[in-house]
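Chain residues, written in single-letter form:
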Amino acid sequence: MVKISKPLLKILQIQIFMASILGLPLFFFRGDVAVAILAALTVVAVPGLYTLFVSSLPLESGSTGIGRVLKAEIGKYCITLSLLIGIFVSVKDLNPVIFFISLLVLYFSPALLPF
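An account of the accompanying structure is given in this report. What you see is a predicted model; the values in this text were computed from it and never measured.

1. What to know about the overall build of the chain
Next, step 1: The helix and strand tally for the chain stands at four helices and zero strands.
Next, step 2: Mapped from its N terminus to its C terminus, the chain presents α and β elements in the order α-α-α-α.
Next, step 3: For the chain, with 115 residues in total, the buried portion stands at 30%.
Next, step 4: Looking at the chain alone, contacts between residues at least 24 apart form 74% of all its contacts between residues at least 6 apart.

2. Describing the packing of helix α2 (residues 31–55) against helix α3 (residues 66–90)
Next, step 1: Packing of α2 against α3 leaves a shortest axis separation of 9 Å and a crossing angle of 160°. Viewed along their axes, α2 and α3 adopt a mutual orientation that is roughly antiparallel. Of the two possible hands of crossing, α2 and α3 adopt the one that is right-handed. Contact residues: α2 offers Ala39, Thr42, Val43, Val46, Pro47, Tyr50, Thr51, Val54 and Ser55, while α3 offers Arg68, Lys71, Ala72, Gly75, Lys76, Ile79, Thr80, Leu83, Leu84 and Ile87.
Next, step 2: Partitioning the contact of α2 with α3 into residue classes produces 11 nonpolar, five polar and three charged.

3. As for the nonpolar core
Next, step 1: Among the nonpolar cores identified, the biggest contains 17 residues, and Ile87, Leu94, Phe99, Leu103 and Leu106 are the most heavily contacted of them.
Next, step 2: Of all the secondary-structure elements, those providing two or more residues to this core are α1 (6–23), α2 and α4 (96–108).
Next, step 3: The element contributing the most residues to this core is α2, with nine residues.
Next, step 4: When residues no more than four places from it in sequence are discounted, the contact partners of leucine 103 are Ala40, Val43, Val44 and Leu84.

4. Looking at a nonpolar patch on the surface
Next, step 1: A cluster of nonpolar side chains, namely Leu81, Ile85 and Val89, defines an oily patch on the protein surface of about 300 Å² accessible area.
Next, step 2: Along the chain, the position of leucine 81 falls in helix α3.

Each value, and the rule that gives it
- Residues numbered from 1 in each chain as written.
- Predicted model: local features only at pLDDT ≥ 70, side-chain atom pairs only at ≥ 80, totals over all residues.
- Heavy atoms only, no water.
- Helix = DSSP H or I, 4+ residues; strand = E, 2+ residues; numbered from the N terminus.
- Buried < 20%, exposed > 50% of the residue type's maximum accessible area, 1.4 Å probe, protein only.
- Contact = heavy atoms within 4.5 Å.
- Axes fitted to C-alpha atoms, helices over the stretch in contact; angles between N-to-C directions.
- Parallel < 35°, antiparallel > 145°, perpendicular 65-115°, else oblique.
- Left-handed = near helix turned anticlockwise from the far one by under 90°.
- Nonpolar A, V, L, I, M, F, W, Y, C, P; charged D, E, K, R; others polar.
- Core = buried A, V, L, I, M, F, W, Y, C linked by side-chain atoms within 4.5 Å.
- Patch = residues over 30% accessible without salt bridge, like charges linked within 9 Å, V, L, I, M, F, W, Y side chains within 5 Å.
- Areas by Shrake-Rupley, 256 points an atom, 1.4 Å probe, with all protein chains shown as cover.
- Salt bridge = Lys/Arg side-chain N within 4 Å of Asp/Glu carboxyl O.

Here it is in structure tokens:
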């Protein structure tokens, strides 16, 4: 049985909710802003999903889980860096100000959650 981390799942849910509220209505008015917000959601959500997946793997007997945490964090940073490079190379009309503001909002949106 796979055990999913509830706090990580809540963080991903609030980040997707915030990006949906900010990004989807803007498709009708400002497409470049909506693309920047959804690109920021991709940079935040995909590494978060990887961390959620790695944290849900069962521990080996006698293991402390430090190696799994290290693997999850290194993988998260590598995925984030790859996504940032891919987005900056492939999206020509990316609004960088909106993109980075969206990244900050999405990264700090878990502060809205009461744990």
